[in-house]
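Analysis of the macromolecular model
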Amino acid sequence: MKVFFSHGKESGPWGSKIKRLANIAEEYGCSVDSIDYADNPDPDLRVERLVNILKDVKEDFLLVGSSMGGYVSLLASEKVNTKGVFLLAPALFMPGYKQQSYTNKTQIEIVHGWSDDIVPPENSIKFAKTVDCSLHLISGDHRLNSSIETVVILFSQFLTSQKATGIGG
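Described in the following lines is the structure provided in the data block. Since we're looking at a predicted model, the values are computed, not measured.

Focus on the side chain of H7
Here H7 shows up in the loop between β1 (2–6) and α1 (16–27). Take H7: its relative accessible area is 1%, and that puts it in the buried class. Among the polar contacts listed, one links the side chain of H7 to the backbone oxygen of S11, at a separation of 3.1 Å. Here Y37 takes part through its backbone nitrogen, which lies 3.0 Å from a polar atom of the side chain of H7. Among residues more than four places away in sequence, those in contact with H7 are G12, P13, I18, I35, D36, Y37, A38, R46, S66, M68 and G69.

Following this line, the structure appears as structure tokens:
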């Protein structure tokens, strides 16, 4: 199993949150990669980049995205055969983003901070209700740094659920 991370608009591929989650994924026996989108601020072009990378991947994989990277991971999951998607404060239903409706082809889990002033938590509530996926609303702002231990626990549970369903390993 491989885990592909997609970072947010103004962060980088190996920020502290991604490094922490990548270490957890490796502890679960997964290989990891974090796509660098720093040269491209357009979310829909980022989706194309990720889909192009994933189209040749032969092993099972999971997508993890934060903020704009959540939008990117979710849209890519509609076009490729991923085993699951873990989203952190995903930038869904945001003005200026091309796609404003979304589908669910796989297991999706969302973590969003109640105090997020960049992407309203209501956006994740709307999405989760529409596609009937798991949503964890936790204490924290957009970056979720103050709640990283909770995020780590939720990500570990997500990886465990992947293994329990025979997907991971």
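Observations regarding the environment of S146
Positionally, S146 belongs in the loop between β6 (134–138) and α5 (148–164). Relative accessible area serves as the criterion here: at 64%, S146 is assigned to the exposed category.

Examining the packing of aromatic side chains
A complete count under the given rule lists nine aromatic pairs for this structure. Here Y71 and Y102 contribute two aromatic rings whose centre-to-centre distance is 6.3 Å and whose plane-to-plane angle is 90 degrees, an arrangement assigned as edge-to-face. Separated by 31 residues along the polypeptide, Y71 in helix α3 (residues 68–77) and Y102 in the loop between β4 (84–88) and β5 (107–113) bring together distant segments of the chain. Of the two residues examined, Y71 and Y102, each falls in the buried class. Ring plane angle 20 degrees and centroid distance 6.5 Å describe the contact between F155 and F158, whose orientation is recorded as stacked.

Some thoughts on the pattern of salt bridges
What the rule picks out here adds up to three salt bridges. As a salt-bridge pair, R20 and E149 come within 2.9 Å of each other at their nearest N and O atoms. Of this pair, R20 sits in helix α1 while E149 is found in helix α5, placing the two residues 129 residues apart along the sequence. Put simply, D60 and K83 hold a salt bridge, and the shortest N to O gap is 4.0 Å. Of this pair, D60 sits in the loop between α2 (43–54) and β3 (61–66) while K83 sits in the loop between α3 and β4, and the two are 23 residues apart along the sequence. When its relative accessible area of 24% is taken as the criterion, K83 is described as partly exposed.

Focus: the sheet that holds strand β2 (residues 31–35)
With respect to topology, six strands assemble into an open sheet ordered β2-β1-β3-β4-β5-β6, the strand pairing being parallel. Edge positions in the sheet fall to β2 and β6, since each of these pairs with one other strand and no more. Each strand axis lies, on average, 15 degrees off the axis of its neighbour in the sheet, ignoring direction. Direction of pairing for β4 relative to β5: parallel, over a ladder of five bridges. Within β5, the residue paired with V85 across the bridge is I108. Contacts from helix α4 (residues 121–131) reach β5 and β6 within the one sheet, and its direction differs from that of β5 by about 160 degrees.

Each value, and the rule that gives it
- The written sequence of each chain sets the order in which its residues are numbered from 1.
- The predicted nature of this model means local features are confined to residues of pLDDT at least 70 and side-chain atom pairs, given and counted, to a pLDDT of 80 or more, with totals for whole chains, interfaces and linings taken over all residues.
- Side-chain metrics rest on all non-hydrogen atoms present in the structure, leaving aside hydrogens and water.
- A run of DSSP states H or I qualifies as a helix once it reaches four residues; a run of E qualifies as a strand once it reaches two. Both are numbered from the N-terminal end.
- Three labels apply to residues, based on accessible area from a 1.4 Å probe with only protein chains included: buried if under 20% of the type maximum, exposed if over 50%, partly exposed otherwise in between.
- Each polar contact in these results corresponds to two N or O atoms within 3.5 Å; when the atoms are within protein, one needs to be able to donate a hydrogen and the other to accept it, and residues that are neighboring in sequence are counted only if both atoms are side-chain atoms.
- For this analysis, residues touch if any pair of their heavy atoms sits within 4.5 Å.
- Note on aromatic contacts: the rings of Phe and Tyr and the six-membered ring of Trp form a pair at centre separations within 6.5 Å, being stacked when their planes are under 30 degrees apart, edge-to-face when over 60 apart, and tilted otherwise.
- One speaks of a salt bridge when a side-chain nitrogen belonging to Lys or Arg is within 4 Å of a carboxyl oxygen belonging to Asp or Glu.
- A strand pair is defined by DSSP finding two or more bridges across the two strands.
- Throughout, an axis means a line fitted to C-alpha atoms (over the contacting stretch in the case of helices), and angles, computed between N-to-C directions, take values from 0 to 180 degrees.

By themselves, these figures tell us nothing about what the structure is for.
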